[in-house]
Amino acid sequence: MTERTLVLVKPDGVSRKLIGEVLARIERKGLDIVALELRTVDRETAAQHYAEHDGKPFFESLLEFITSGPVLSAVVEGPRAIAAWRQLAGGTDPVEKATPGTIRGDFGLETQFNLVHGSDSAESSAREIKLWFPNL
Ligand code: RTP
Ligand code: MG
């Protein structure tokens, strides 16, 4: 079934010049990029995006991190796009969970600075795409 997912290259991925690497992997997998934007988001947008983590110990530093520089946001489409993109990204902890061959496994060292984001369900995807691309 064709799905859409929200992809972010977080500020660490942008500053490490990994945008091309990430987009190349999405394209090689066979997924379609249907929207793309580079911008620095405000605290309110970041808090809405990560609302599920409000109150957790890492929430404040996560918001500070996500608003610290430009983020690449993309809507990516294809069969099982949500799971397919999370497979490419790898597990949340780039060392303990992500395996080599994934973006986090190949390029990440710390859980917070794990380079990319992907929607975790159809509900999250619909909510996040509305937040990042209200005109889509
Ligand atoms: P994301 O939402 O960014 O795609 O990451 P995820 O689903 O793999 O992980 P999630 O549990 O949703 O966590 C969101 C982001 O918060 C940061 N984090 N830091 N210091 C910590 O223990 C911790 N835990 C999570 C990471 O940037 C993670 O991707
Ligand atoms: Mg998540």
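Residues numbered from 1 in each chain as written. Chains lettered and ligands numbered in written order. Predicted model: local features only at pLDDT ≥ 70, side-chain atom pairs only at ≥ 80, totals over all residues.

- Named according to an unreviewed UniProt entry, the protein chain is Nucleoside diphosphate kinase originating from Pseudonocardia hydrocarbonoxydans.
- You can read under Cofactor (unreviewed entry) in the UniProt record for the protein chain the words "Mg(2+)". (UniProt positions renumbered as here; feature names shortened; annotations may be inferred.)

## Some details on the nonpolar core
Turning to step 1, where the next piece is worked out: Core analysis: the largest hydrophobic core is formed by 26 residues, its most contacted members being Val 7, Leu 8, Val 9, Val 76, Trp 85, Ile 103 and Val 116.
Turning to step 2, where the next piece is worked out: Within the residue set of this core, elements represented by two or more residues are strand E1 (2–9), helix H2 (19–29), helix H4 (59–66), strand E3 (71–79), helix H5 (81–89) and helix H6 (103–107). (Core = buried A, V, L, I, M, F, W, Y, C linked by C-beta atoms within 7 Å. Buried ≥ 20, exposed ≤ 12 C-beta atoms within 10 Å, placed from the backbone. Helix = DSSP H or I, 4+ residues; strand = E, 2+ residues; numbered from the N terminus.)

## Regarding the pairing of E3
Turning to step 1, where the next piece is worked out: Bridge analysis of E1 against E3 gives eight bridges, and the strand direction is antiparallel. Among the inter-strand pairings, Arg 4 is bridged to a residue of E3, identified as Glu 77.
Turning to step 2, where the next piece is worked out: Relative to E3, strand E2 (residues 32–39) is paired through seven bridges, and the arrangement is antiparallel. When the bridges of E3 are listed, Arg 39 appears paired with Val 71. (Pairing = 2+ DSSP bridges.)

## Looking at the site of ligand 1
Turning to step 1, where the next piece is worked out: For ligand 1, the full set of nearby residues is His 53, Phe 58, Leu 62, Thr 92, Thr 111, Gln 112, Asn 114, His 117, Gly 118 and Asp 120.
Turning to step 2, where the next piece is worked out: Here the residues of the shell around ligand 1 sort into two nonpolar, seven polar and one charged. (Near = placed C-beta within 6 Å. Nonpolar A, V, L, I, M, F, W, Y, C, P; charged D, E, K, R; others polar.)

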